[in-house]
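# Report on the structure
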Amino acid sequence: MKNKFFLILIFFFLFFSNYVKAEVKIAFIDMEQVINTSNVGLKLIKKIELMDLKFKEKFSLDEIKLKKKEKELFDQKNILNKDEFEKKLTKLKNQVKLFNEERSKERKEIIKLRNDLNIQLLKAINVILTTYSQDNNISILLQKKNIILGSTKLDITKEILSTVNKNISENDIKWQSL
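I will try to describe carefully the structure that is included in this document. Predicted model only: the values in this text are computed from it and were never measured.

In this section: the overall build of the protein chain. Scanning the protein chain from terminus to terminus reveals five helices and two strands. In sequence order, the secondary structure elements of the protein chain are arranged as α-β-α-α-α-β-α. Here the protein chain holds 178 residues, and 22% of them are scored as buried. Pairs at least 24 apart in sequence give 85% of the contacts found in the protein chain among residues at least 6 apart. For the protein chain, the accessible surface area stands at approximately 14000 Å², while carbon and sulfur atoms represent 58% of it.

Take helix H3 (residues 39-75) next. Taking 1.5 Å of rise per residue, 37 residues should cover 54 Å, and H3 covers 54 Å from first to last C-alpha, within 8% of that figure. Here H3 has its buried residues at Val-40, Gly-41, Leu-44, Ile-48, Met-51, Asp-52, Phe-55, Phe-59, Leu-66 and Leu-73. In this structure, the buried residues of H3 make contact with helix H2 (31-37) and helix H4 (82-135).

So, about the packing of H4 against helix H5 (residues 157-167). Remark: H4 packs on H5, axes separated minimally by 10 Å, with the N-to-C direction vectors making an angle of 125°. Classified by the angle their axes make, H4 and H5 are oblique. Of the two elements, H4 crosses H5, and the hand of that crossing is right-handed. Listed contacts from H5 to Ile-125, Ile-128, Leu-129 and Tyr-132 of H4 are Glu-159, Ile-160, Thr-163, Val-164 and Asn-167. Considered class by class, the residues forming the contact of H4 with H5 number six nonpolar, two polar and one charged.

Conventions we followed
- Residues numbered from 1 in each chain as written.
- Predicted model: local features only at pLDDT ≥ 70, side-chain atom pairs only at ≥ 80, totals over all residues.
- Heavy atoms only, no water.
- Helix = DSSP H or I, 4+ residues; strand = E, 2+ residues; numbered from the N terminus.
- Buried < 20%, exposed > 50% of the residue type's maximum accessible area, 1.4 Å probe, protein only.
- Contact = heavy atoms within 4.5 Å.
- Areas by Shrake-Rupley, 256 points an atom, 1.4 Å probe, with all protein chains shown as cover.
- Expected span 1.5 Å × (residues − 1).
- Axes fitted to C-alpha atoms, helices over the stretch in contact; angles between N-to-C directions.
- Parallel < 35°, antiparallel > 145°, perpendicular 65-115°, else oblique.
- Left-handed = near helix turned anticlockwise from the far one by under 90°.
- Nonpolar A, V, L, I, M, F, W, Y, C, P; charged D, E, K, R; others polar.

Have a look at this one:
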């Protein structure tokens, strides 16, 4: 009886031991570091910052002019008759409304462009990640920001950053100016 039980037990261990041998290789990457410190990422960031600067310069001058007009109008409030003041005030409000609409439209275009560029860059990086994962038999790839504790041996950020710098250029990202 003991021998039968012992044989059955050995049979189960041998039978199920094949399923336990499957190995899952896990790695993690800091995508923000790859995007923000890669050569192409830095160039895209500089271009977007330049666009933001031009945007601010353009609209700050117009905003100053509108405030100046508003101040002048309210300085003349006691001099102008009521109808004339209301007419000028309505005209100024329309100018402010148009200014705000134009500024909002351009801001949305800059945000859309920034998002489009990020998506294009992420797609290009994703191709590299897929190839790297297949070449190194990585089953699961996680973002570093979601890891509480992990061995630095599992961090592939530097390897991917190096590959991104070698394989992705600014020409791979379709840049469209506003």
